[in-house]
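# Examining the three-dimensional arrangement
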Amino acid sequence: EGKARRGAVCVSSQVGCTLKCKFCHTGSMDKKILRNLSASEIISQIMCAKSHLGDWDHDDVYAANRSVTHLVFMGMGEPLYNYHNLRQAIGIL
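Residues numbered from 1 in each chain as written. Predicted model: local features only at pLDDT ≥ 70, side-chain atom pairs only at ≥ 80, totals over all residues. Heavy atoms only, no water.

Right, let's talk about the overall build of the protein for a bit. Across its full length, the protein holds two helices and four strands. Taken over 93 residues, the protein has a buried fraction of 30%. A separation threshold of at least 6 residues defines the contact pool for the protein, and within that pool the share at least 24 residues apart is 65%. With an accessible surface of roughly 6,800 Å², the protein has 56% of that area assigned to carbon and sulfur atoms. (Helix = DSSP H or I, 4+ residues; strand = E, 2+ residues; numbered from the N terminus. Buried < 20%, exposed > 50% of the residue type's maximum accessible area, 1.4 Å probe, protein only. Contact = heavy atoms within 4.5 Å. Areas by Shrake-Rupley, 256 points an atom, 1.4 Å probe, with all protein chains shown as cover.)

As C-alpha cells, this is what we get:
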C-alpha cells in the first residue's frame, strides 16, 4: 500500500545498431544499422503501446490507473546516435 503502480515502455531510436555491446542482441545482427528512426516513428511506438494497453482514456496524466508511466530510450539502437530525431520526439511528447 502507498506504492504507485509503474509501467515502462522501452523505445527504439534506430533500426539496428553499430555497437557490439555484450549484453545486447541487436549488435550481433548481420546488418549492423539500417537507419535512424524519424521523430514520428519514435512517437508511434509509444502511441502503439498506449493503444494496445488501452491507456488513452485518462484525462489526468498523473492518474493512478495509467498503464504507461515511464519511457526508457533503450530499445534497438543507441539513442544519442540519433540525437536530432530523439530530441524532436521528446519535445513533442
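From this point, the narrative continues.
Within the structure shown, the criterion is met by two salt bridges. Across the salt bridge formed by Arg35 and Glu41, the nearest N and O atoms sit 2.7 Å from each other. The closest approach of N and O atoms between Asp55 and Lys50, which form a salt bridge, is 3.2 Å. Comparing Asp55 with Lys50 shows no difference in burial state: the two are buried. (Salt bridge = Lys/Arg side-chain N within 4 Å of Asp/Glu carboxyl O.)

Among the residues of helix α2 (residues 83-92), Asn85, Leu86 and Ala89 are the ones counted as buried. End-on view of α2: buried residues confined to an arc of 100°, all on one side of the axis. What points out from α2, more than 90 degrees from its buried face, is the exposed set His84, Arg87 and Gly91. Where the residues of α2 are buried, they touch β3 (33-36) and α1 (39-53). (Arc of directions from axis to C-beta.)

Formed by Val9, Val11, Leu37, Ala39, Ile42, Ile43, Ile46, Ala49, Val68 and Ala89, the largest nonpolar core amounts to ten residues. Top contributing element to this core by residue count: α1, with five residues. Excluding anything up to four places from it in sequence, Val68 contacts Gly7, Val9, Lys50, Leu53 and Asp55. (Core = buried A, V, L, I, M, F, W, Y, C linked by side-chain atoms within 4.5 Å.)

Okay, the packing of α1 against α2 next. Packing of α1 against α2 brings their axes to within 8 Å, and their N-to-C directions diverge by 50°. Classified by the angle between their axes, α1 and α2 sit oblique to one another. As α1 runs across α2, the sense of the crossing is right-handed. Counted together, Ala39, Ile42 and Ile43 of α1 and Asn85, Leu86, Gln88, Ala89 and Ile92 of α2 form the full contact between these two elements. Tallied by class, the residues present in the contact of α1 with α2 amount to six nonpolar, two polar and no charged. (Axes fitted to C-alpha atoms, helices over the stretch in contact; angles between N-to-C directions. Parallel < 35°, antiparallel > 145°, perpendicular 65-115°, else oblique. Left-handed = near helix turned anticlockwise from the far one by under 90°. Nonpolar A, V, L, I, M, F, W, Y, C, P; charged D, E, K, R; others polar.)

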